[in-house]
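The residues making up each chain are set out below.
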Amino acid sequence: MDEVPGSTGTSAGFALRLGQTIFSSASLLFMSFGVQFYSYTSFCFLVTIMGLVIPWSFALALLDGYSVLVTNPIRQKGILFIIVIGDWLLSTLTLGAASSAAAVVDVLLTADGAVCLPKICSRYLISTIFAFLSWFLSMASSLFNLWILPSL
């Protein structure tokens, strides 16, 4: 069976999971420290989803790292199916959270009045950008795993 780069148990898959963890953590940190994100529901949704994505991606990064070290990728259909379903679910939620946060940031930046300070709005914007980067990596890894699933 061919090995798909980026699927679970490969070094590219490990890099994707590590990137997801880093970008999700950065998004959560930029949103949480020094700003009052709880004033807006979409920011609360983003923080909640990033709180779910971080342990999921970190656990799968550990699994990928172990698989790379022992050179035995995971090719059990049931486990890979659960990973694909979890990735798709979290990818969809991450996209929804990042999109809603981006819409609120756009409204805050283009409003006529002084809705938020430029420093705070820029932190919201950076957090949203990191959330989109996390979504991109999550969707890529889920597509790679979905690609390999029928061949098992």
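Draft legend 1. Layout of the overall build of the protein. Scanning the protein from terminus to terminus reveals 4 helices and 0 strands. For the protein, the α and β elements follow one another from N to C terminus as α-α-α-α. C-alpha atoms of the protein, sized along the principal axes, occupy 60 × 25 × 20 Å. A total of 152 residues make up the protein; the buried ones form 41% of that total. Here the analysis covers contacts within the protein between residues at least 6 apart in sequence; of these, 82% occur between residues at least 24 apart. Split by element, the accessible area of the protein, about 7,900 Å² in all, is 74% carbon and sulfur. For the protein, the separation between the mean place of its 5 positive charges and that of its 6 negative charges on side chains is 7 Å.

Draft legend 2. Up close: the nonpolar core. Grouped together as the largest cluster of nonpolar side chains are 19 residues, with contacts concentrated most on M31, F43, L46, L108 and Y124. Residues in contact with Y124, not counting those within four places in the same chain, are M31, V35, Q36, F37, Y40, F43, V105 and L108.

Draft legend 3. Local environment of the state of the cysteines. Counted under the stated rule, the structure contains 1 disulfide. Here C116 engages in a disulfide with C121; their sulfurs sit 1.6 Å apart. C121 matches C116 in its accessibility class, with the two residues each being buried. Free of any disulfide, C44 has its nearest neighbouring cysteine sulfur in C116, separated by 15 Å. The class for C44 is partly exposed, based on a relative accessible area of 26%.

Draft legend 4. Layout of the packing of helix 1 (residues 11-32) against helix 2 (residues 41-69). Put simply, helix 1 and helix 2 touch, their axes get as near as 8 Å, and they point 155° apart. Looking at the two axes, helix 1 sits roughly antiparallel to helix 2. As for how helix 1 packs across helix 2, the hand of that crossing is left-handed. Tallied by class, the residues present in the contact of helix 1 with helix 2 amount to 15 nonpolar, 10 polar and 2 charged.

Draft legend 5. A look at helix 2. Along its 29 residues, helix 2 runs 42 Å from first to last C-alpha, staying within 8% of the 42 Å computed at 1.5 Å per residue. One or two positions beyond helix 2, positive phi appears at T71, with a value near 50°.

Draft legend 6. Just unusual backbone geometry, in detail. Within the chain, T71 stands out as a residue other than glycine whose phi angle is a positive 50°. Mapping T71 onto the fold places it in the loop between helix 2 and helix 3 (77-110).

Draft legend 7. Representation of the pattern of salt bridges. Counting across every chain of the model gives 1 salt bridge. R17 serves as the salt-bridge partner of D87, at 2.6 Å between the closest nitrogen and oxygen. In this pair, D87 is assigned in helix 3 and R17 in helix 1, connecting sequence segments 70 residues apart. R17 carries the same exposure label as D87, and that label is buried.

Draft legend 8. Representation of the environment of F37. Tracing the backbone through its elements, the reader meets F37 in the loop between helix 1 and helix 2. We classify F37 as buried; its relative accessible area is 17%. When the C-alpha atoms of F37 and Y124 are compared, they prove to be 8.3 Å apart, with 87 residues separating the residues in sequence. Discounting residues that sit within four places of it in the chain, F37 has contacts with M31, S32, F43, C44, V47 and Y124.

Parameters at a glance
- Residues numbered from 1 in each chain as written.
- Predicted model: local features only at pLDDT ≥ 70, side-chain atom pairs only at ≥ 80, totals over all residues.
- Heavy atoms only, no water.
- Helix = DSSP H or I, 4+ residues; strand = E, 2+ residues; numbered from the N terminus.
- Buried < 20%, exposed > 50% of the residue type's maximum accessible area, 1.4 Å probe, protein only.
- Contact = heavy atoms within 4.5 Å.
- Areas by Shrake-Rupley, 256 points an atom, 1.4 Å probe, with all protein chains shown as cover.
- Lys, Arg positive; Asp, Glu negative; His and termini not counted.
- Charge placed at Lys NZ, Arg CZ, Asp CG, Glu CD.
- Core = buried A, V, L, I, M, F, W, Y, C linked by side-chain atoms within 4.5 Å.
- Disulfide = S-S within 2.5 Å.
- Axes fitted to C-alpha atoms, helices over the stretch in contact; angles between N-to-C directions.
- Parallel < 35°, antiparallel > 145°, perpendicular 65-115°, else oblique.
- Left-handed = near helix turned anticlockwise from the far one by under 90°.
- Nonpolar A, V, L, I, M, F, W, Y, C, P; charged D, E, K, R; others polar.
- Expected span 1.5 Å × (residues − 1).
- Salt bridge = Lys/Arg side-chain N within 4 Å of Asp/Glu carboxyl O.

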